[in-house]
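Okay, here's what each chain looks like letter by letter:
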Amino acid sequence: MPATRPTAFFDPGSGLAVLSTPHSCYAVRIGTDGSPRHHYWGTPLDLAELSGLPPAVSPADSSFEADAAADELAPQTGARFGPAGLQVRFADGTRGAQWRFTGHTVDGGELRLHLSDRHYPLAADLCYRVRAGSDVIERWTELTHTGGPADGPITVDRLDSASWTAPRLADYRLSHLVGGWNSEFQLQRDRLPIAETVLTSRRGITSHHANPWLAVDDGTATEEHGEVWSTALAWSGSWRITVHRDPVGRTTWTGGFGHEGLHWTLRPGEALTTPVFAGLYTPHGFGAASRAWHDHIRGHVLPQPRRDRPVVYNSWEATHFDIDLAGQFRLAELAARLGTELFVLDDGWFGARSSDRAGLGDWSPRREAFPDGLRPLADHVHRLGMDFGVWVEPEMVNADSDLFRAHPEWVLHAPTREATELRNQLVLNFAHPEVEAWAQLTLDRLVRENGVDWLKWDANRAFTDVGWAGHPDPDRLWIDHTRAVHRIMDRLRDDHPSLRIEACAGGGGRVDLGMLARTDQAWTSDNTDPVDRIGIQHGYSQLFPAQTMAAWVTDCPNAATGRTTPLRFRFHVAMAGALGLGGDLARWSSEELREAADLVARYKAIRPLVQHGHQHRLTGQDGVSAVHYAADDDTAHALLVWRPTTRFGHRPAALRLPALDPDARYLDVDSGRTHSGTTLRHCGIDLPLPAGDYASCLIRLARLD
Ligand code: DGJ
């Protein structure tokens, strides 16, 4: 049903719950057995069309498996043999819920389907929300123990946010993001096997290795064409999504927080609410899907989407732990001359932190480096006209720290197991209210007392040997730790409205919609090599908008790959996101500093397009790739084009620009040439790439009418 405004309604006659967005529609039907089943997800249909679709047969009733409709959240009872999104055990040992539909509520764009178990004191709300101007459908689940003390506790072995179902397609292909430290966000696109495919993190953070985003298509979608169903989980801890392509031709996936093997206890009166698992249908290819996600994240997730992300200078790669006040002053002055707007003091400024072996947890300035505290540096940075940022890693502690000596019981640990140190550090249990209160107070004081405008919040290791000795429900920490991190960030933002936060976890180990709801940008990867970054940024852009993608220009040879590339190429790759500089500016030649200042100025000129425009990913011939950022009203365009390697006999072919208006004319601002939109769409634009490897260019177009 075409809807200019998103709507949510329930039609008692047909038993259909319908969510309508500007370009899509999602429908659930309550079965005769009281269990909500997936009905439709795709191009807009009206109620008559939706009612005309074959009624959903309960998986529990169906004698022929191919007839059975998928559950909105599979409850483990009846003839259901796929992955169950809800797994519970009652005090008498009975497993699974058997639902009765008890009603619905609609509040604006939010719809809730109320369910309660036919025998046990368990209720669930399946929740759906649509938002103005967005095609994304947000879903989550609330589970409540409705009984009294005599009923005993209910054990929750799994509580997913939602299950999603793709329509019957000729084939199924799965796109998802894989990687590791220094190689995050690698786009993987493979035919989906007839099997259960598990995407997961068991690390306590979202992870570098998999991101809770995926897309399903029939194997024929491209950047510009084809139907795509994609989903993203708003959770920053461990998670699991199980995609099930079954032998009778159906593909569903169920996902939520926590990995397998965790158990949570619901006591009488207690409720458990999942994070949002958001879904998006787009009929115009992967590029349109990404743009719709970017719009949604800007419109409904990011705290301050319209605020320009500053050009940052971060001193980490320049100094590592070798920090002193004079050196930071010098770097700040050089950075300011280049046009940098924010100076971030990274790791090594606190406690006994002269290496990664000590001091983590002791958040007062290291005396040898900052004898009078951080104020002199903060004031100097502010005098230079920049904001002042500080790196923190609040969830972690070195065993060699005053904090650990005072509170060894604050770390995640199983008393009978050896604690595994990764990067010489342990993880604090943020689920512990005392630890959360300590972290809140420490960070608040740091910001308040030092004029801090920006926090880079890092988390450099995964959870291991997790335990919470003496706690009656120890697995809760897998949820409550993450919730405490979110809560602290929210409170810091509330208490310091101009504070901005950058999400970091040893690079891009914790980037998700939950994190982006309380941060401004994310450190994409510790790998700053521009050639590797092209792939990392391509994967990142599948879901996340460019303004959240922190990208630095650093020194050569690159610390991660040993590769040497021209400064201009490094800039052109980093300019595709929230530009930053991370090199040792004191070693840059005056020629390099001049070129850098010029490129920073050029970035600022295109920043409104990169950070607030629409992104189109382009692929040319011979290894050429590009991103095209277009203004909302088509008046201005910027293209960043890269060709890492050259081949004899191949000159770069013109690059087609399918996003342009065929009826308009465009001025190439730098060459002064004009072109028709049709020509640029169908014949392409000539690429002024210099000869040789690591060639790149910036092209700016202005609409002429
Ligand atoms: C990992 C981050 O990704 C780096 O940028 C840097 O902040 C280091 N941690 C500091 O320990």
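On a predicted model such as this, the values are computed, not experimentally measured, just so you know. (Residues numbered from 1 in each chain as written. Predicted model: local features only at pLDDT ≥ 70, side-chain atom pairs only at ≥ 80, totals over all residues. Heavy atoms only, no water.)

Another aspect to go through is the pairing of strand 18 (residues 251-257). Counting buried positions along strand 18 gives seven out of seven residues, so the element sits mostly inside the fold. Direction of pairing for strand 11 (residues 162-165) relative to strand 18: antiparallel, over a ladder of four bridges. Bridge pairing in strand 18 links Thr-165 to Thr-252. (Buried < 20%, exposed > 50% of the residue type's maximum accessible area, 1.4 Å probe, protein only. Helix = DSSP H or I, 4+ residues; strand = E, 2+ residues; numbered from the N terminus. Pairing = 2+ DSSP bridges.)

This part is about the packing of helix 7 (residues 433-450) against helix 8 (residues 477-495). It is the contact of helix 7 with helix 8, at a shortest axis distance of 10 Å, that shows an interaxial angle of 30°. Relative to helix 8, helix 7 is oriented roughly parallel. The handedness of the crossing between helix 7 and helix 8 is right-handed. Side by side, helix 7 and helix 8 meet where Glu-436, Ala-439, Gln-440, Leu-443 and Asp-444 of the first sit next to Ala-484, Arg-487, Ile-488, Arg-491, Leu-492 and Asp-495 of the second. Looking at the contact of helix 7 with helix 8 residue by residue, the classes come out as five nonpolar, one polar and five charged. (Axes fitted to C-alpha atoms, helices over the stretch in contact; angles between N-to-C directions. Parallel < 35°, antiparallel > 145°, perpendicular 65-115°, else oblique. Left-handed = near helix turned anticlockwise from the far one by under 90°. Contact = heavy atoms within 4.5 Å. Nonpolar A, V, L, I, M, F, W, Y, C, P; charged D, E, K, R; others polar.)

Taken in spatial order, the four strands line up as 11-18-17-14 in an open sheet, and their pairing is antiparallel. Edge positions in the sheet fall to strand 11 and strand 14 (196-201), since each has one partner strand and no second. Strand-to-strand twist in this sheet, taken as the mean axis angle between neighbours without regard to direction, amounts to 15°.

Among the nonpolar cores identified, the biggest contains 177 residues, and Leu-143, Trp-253, Trp-349 and Phe-571 are the most heavily contacted of them. Those residues in contact with Trp-349 that sit more than four places away from it in its chain are Ile-323, Trp-363, Ser-364, Pro-365, Arg-366, Phe-370, Leu-374, Val-390, Trp-391, Val-392 and Leu-446. Membership of the second largest hydrophobic core comes to 18 residues, among which are Leu-639, Leu-657, Ala-664 and Leu-687. (Core = buried A, V, L, I, M, F, W, Y, C linked by side-chain atoms within 4.5 Å.)

Take it as geometry only, folks, not as evidence of what the structure does.
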